[in-house]
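Now for the letters of each chain:
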Amino acid sequence: MAAQTDIWDAIVIGAGIQGCFTTYHLAKHSKRVLLLEQFFLPHSRGSSHGQSRIIRKAYPEDFYTRMMKECYQTWAQLEREAGTQLHRQTELLLLGTKENPGLKTIQTTLSRQGIDHECLSSVDLKQRFPNIRFTRGEVGLLDKTGGVLYADKALRALQHIICQLGGTVCDGEKVVEIRPGLPVTVKTTLKSYQANSLVITAGPWTNRILHPLGIELPLQTLRINVCYWREKVPGSYGVSQAFPCILGLDLAPHHIYGLPASEYPGLMKICYHHGDNVDPEERDCPKTFSDIQDVQILCHFVRDHLPGLRAEPDIMERCMYTV
Ligand SMILES: Cc1cc2nc3c(=O)[nH]c(=O)nc-3n(C[C@H](O)[C@H](O)[C@H](O)COP(=O)(O)OP(=O)(O)OC[C@H]3O[C@@H](n4cnc5c(N)ncnc54)[C@H](O)[C@@H]3O)c2cc1C
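Residues numbered from 1 in each chain as written. Predicted model: local features only at pLDDT ≥ 70, side-chain atom pairs only at ≥ 80, totals over all residues. Heavy atoms only, no water.

**Some words on unusual backbone geometry**
Piece 1. With an omega of -5 degrees, the peptide bond running from leucine 41 to proline 42 counts as cis.
Piece 2. Turning to its location among the elements, proline 42 is positioned in the loop between strand E2 (33–36) and strand E3 (52–55).
Piece 3. Each neighbour pair has its own omega, and for leucine 182 with proline 183 the value is 5 degrees, a cis peptide bond.
Piece 4. By the secondary structure assignment, proline 183 is in the loop between strand E10 (175–179) and strand E11 (184–188).
Piece 5. The phi angle at glutamate 91 is positive, at roughly 75 degrees, despite the residue not being glycine.
Piece 6. For glutamate 91, the position within the fold is in the loop between strand E4 (87–89) and strand E5 (92–96).
Piece 7. Using a relative accessible area of 27% as the deciding quantity, one classes glutamate 91 as partly exposed.
Piece 8. Here the phi dihedral of alanine 242 falls at roughly 60 degrees; this positive angle occurs in a residue that is not glycine.
Piece 9. Structurally, alanine 242 can be placed in the loop between strand E13 (221–230) and strand E14 (245–248). (Helix = DSSP H or I, 4+ residues; strand = E, 2+ residues; numbered from the N terminus. Buried < 20%, exposed > 50% of the residue type's maximum accessible area, 1.4 Å probe, protein only.)

**Things to note about the site of the ligand**
Piece 1. As a matter of local geometry, the ligand sits amid 31 residues, with Glu37, Ser48, Arg53, Ile54 and Cys319 nearest to it.
Piece 2. In the model, an oxygen atom of the ligand is placed 2.8 Å from a nitrogen or oxygen of the histidine 43 side chain.
Piece 3. Considered on its own, the ligand offers 1,000 Å² of accessible surface; in the complex 84% of this is hidden by protein.
Piece 4. Looking at the shell around the ligand, the elements that each hand over two or more residues are helix H1 (17–28), E3, E13 and strand E18 (315–322).
Piece 5. Ranked by the residues each element gives to the shell around the ligand, the list is headed by E18, at 3 residues.
Piece 6. Tallied by class, the residues present in the shell around the ligand amount to 17 nonpolar, 10 polar and 4 charged.
Piece 7. Here the shell around the ligand spans two domains, and each of domain 1 (4–48 + 153–213) and domain 2 (88–149 + 220–322) adds at least three residues to it. (Near = heavy atom within 4 Å. Polar contact = N/O pair within 3.5 Å; in protein donor to acceptor, adjacent residues only side chain to side chain. Areas by Shrake-Rupley, 256 points an atom, 1.4 Å probe, with all protein chains shown as cover. Nonpolar A, V, L, I, M, F, W, Y, C, P; charged D, E, K, R; others polar. Domains from an automatic or database assignment.)

**Observations regarding the pairing of E2**
Piece 1. Covered by surrounding structure in E2 are Val33 and Leu35 together with Leu34 and Leu36, the residues of both alternating faces.
Piece 2. Where strand E1 (residues 7–13) and E2 come together, 4 bridges link them in parallel fashion. Its bridge partner being in E2, isoleucine 11 is matched across the sheet by leucine 34.
Piece 3. Regarding topology, H1 serves as the crossover connection from E1 to the parallel E2, and that connection is right-handed.
Piece 4. Sheet analysis places E2 next to strand E9 (residues 168–170), joined by 3 bridges and oriented parallel. Along E9, the bridge assignment pairs leucine 34 with threonine 168. (Pairing = 2+ DSSP bridges. Right-handed = clockwise from strand over helix to strand, strands pointing away.)

**Brief notes about the sheet that holds E10**
Strand pairing within a sheet occurs via backbone hydrogen bonds; the two strands may be parallel or antiparallel.
Piece 1. What the 6 strands build is an open sheet, ordered E9-E2-E1-E12-E11-E10; its pairing is mixed. The sheet is open, and its two borders are formed by E9 and E10, each paired with just one other strand. Averaged over all pairs of adjacent strands, the angle between strand axes in this sheet comes to 40 degrees, irrespective of strand direction.
Piece 2. On top of the sheet, H1 reaches E1, E2 and strand E12 (192–200); it is set at about 170 degrees to E2, its chief contact. (Axes fitted to C-alpha atoms, helices over the stretch in contact; angles between N-to-C directions. Contact = heavy atoms within 4.5 Å.)

In C-alpha cells, the structure reads:
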C-alpha cells in the first residue's frame, strides 16, 4: 500500500481551461494537487488553445448572467496575481432580426440583473457601425461588459501560478487507466498515482476515459473551423478602432460570432457556432476536411454584412466544441 504522503489530495485530468482553473482553485485551498496532461504544453489539439475568446454577460438564462459576475471577478483576480492583462473590454454587439425572441429574452435578463446594456434600432446601428451592412432590418443589443479574453496567455498564467502555489503540472502523460477506490489509482503512460479525489476535465476525450468505467455521458464533439478574414483597409475592424465583438443570433441557421482584429494583425476572427461531429483524434486529419459547408455560410455572412473584409478566409484553424 502507498504511504499516506504519496497520496495526492486531488488529481485533475486534462490541462485545458477547465482543468487549469480547477487545479488553480484546489491549490489555492492548500490541496496537494496534480494536473495531468496527455500532450506537451502548450498544445493546440483540444478546445482551449488560440489567443482569444469572447466573455460576456449577455445570456438568456439568469443563472449564467449571475455566474458571469463572479467569473469577471475571478479573471480580474487572476490578472492581478499574474501581473499581466488577460482581458480587454470591447463590448459585444448582438444582432438579430426585429422578430427574434432570443434578443428580447437576453435584454430582459440583462435588465433584471442590472447589467449595463443598450438597445439599438436599425437607424442607430447604421449610424454607430458604418462598417457593418444591415440588410434585413436588424436590430442590436450592446452588452457593455462584453470583451475578449487572451486564452493562451491565461492558460500559461494559470499553469505558472499553480506551480507557485505548490501544485504540480505533469504534461506529456496520458492517463490510460483509472482504478476507482479510496484512494483512486490513476495510471499514465509513465507512472501510477493515487489520490483521495479525482476530477476529469478531459473535454472531447471525456467519454474515452469514462468508457472503461462503464460510464457514458451524452456528449457530442463538433469540429469548429476557426476563420480569420483580412481587412481591406487595415485597422477598420480592429480593437484600436473600438470595433466590438459581434454575435449574430438569427442571421444563419446557427449563431455567427466575431472578434475585432487583434491577434493576427489585419485579420478579424469570425466563426460559425456549429460543425461536424468529430472524433478528437481525427480533428486535424486531412481526409476529414472535405465538408466545409459552414465556411460557405461564413463567406455569405461576411460578403453581406462586413463589406470591409475580403469574403474568403485567409487563415483557417481548428478547434472542438463538446456539447
Ligand atoms: C473555436 C472556438 C471558439 C470558442 N469561443 C468561445 C468564446 O468565445 N467564449 C467562451 O466562453 N468559450 C468559447 N469556446 C469554448 C471554450 O473554449 C471551451 O468550452 C473550453 O476551452 C473547454 O475547455 P476544456 O478544458 O473543457 O477542454 P480542452 O481544452 O479540450 O481540455 C481537455 C484537456 O484534456 C486533455 N486530456 C484528454 N484526455 C486525456 C488523458 N487521457 N490524459 C491526460 N490528458 C487528457 C486534453 O489533451 C486537453 O488538453 C470556444 C471554443 C472553440 C473551439
